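Topology and contacts: notes
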Amino acid sequence: MIWYRPGEQLRYLRRARSAGLSWVREDFAWGAYERRPGVWNWSVGDTFMRNLSRAGLDVLPVIAYSPGWAASGPTIYHPPRNFAAYANFC
């Protein structure tokens, strides 16, 4: 849901609310916000949170995954090498 265009995202969220949902679970992947060490871009998450608010929905955020540069193994599903960097993201 987080990767939809903002207007489309809001339409889906409003439909969910009108269907009786009040909560949305969403993964907040570290690599989506810090693609390179120290380079942050919160715009995708900010748009999503704004649209959730506009639609009258609450979010259950799941903070997960390691960006490739921070992973202890070959995929984003491996824990981070540096837990302090992960805590900084959280």
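We now turn to the structure provided with this report.

It is worth spelling out the side chain of Ser66 at this point. Residue placement: Ser66 occurs in the loop between strand E4 (58-64) and helix H4 (83-89). Within the local environment of Ser66, its side chain forms a polar contact with the backbone oxygen of His78, the two atoms lying 2.9 Å apart. Non-local contacts of Ser66, meaning those with residues more than four positions away in its chain, are made with Trp30, Ala71, Ile76, His78, Pro79 and Pro80.

What follows concerns the nonpolar core. Within the largest apolar cluster, 15 residues are counted, with the highest numbers of intra-cluster contacts made by Leu13, Val24, Phe28, Tyr33, Phe48, Leu52 and Leu57. Put simply, the parts of the chain that give this core at least two residues each are helix H1 (6-18), strand E1 (23-29), helix H2 (30-33) and helix H3 (43-55).

Turning our eyes to something else, we now look at the pattern of salt bridges. When their charged atoms lie close together, side chains carrying opposite charge are able to pair. A full pass over the atoms with the stated rule returns two salt bridges. Glu8 is the salt-bridge partner of Arg5, the closest N and O atoms lying 3.9 Å from each other. Residue Arg5 is classed as exposed on the basis of its relative accessible area, which comes to 59%. For Asp27, the salt bridge identified is with Arg25, shortest N-O distance 3.0 Å. What makes Arg25 exposed here is its relative accessible area of 53%.

The rules we used
Residues numbered from 1 in each chain as written. Predicted model: local features only at pLDDT ≥ 70, side-chain atom pairs only at ≥ 80, totals over all residues. Heavy atoms only, no water. Helix = DSSP H or I, 4+ residues; strand = E, 2+ residues; numbered from the N terminus. Polar contact = N/O pair within 3.5 Å; in protein donor to acceptor, adjacent residues only side chain to side chain. Contact = heavy atoms within 4.5 Å. Core = buried A, V, L, I, M, F, W, Y, C linked by side-chain atoms within 4.5 Å. Buried < 20%, exposed > 50% of the residue type's maximum accessible area, 1.4 Å probe, protein only. Salt bridge = Lys/Arg side-chain N within 4 Å of Asp/Glu carboxyl O.

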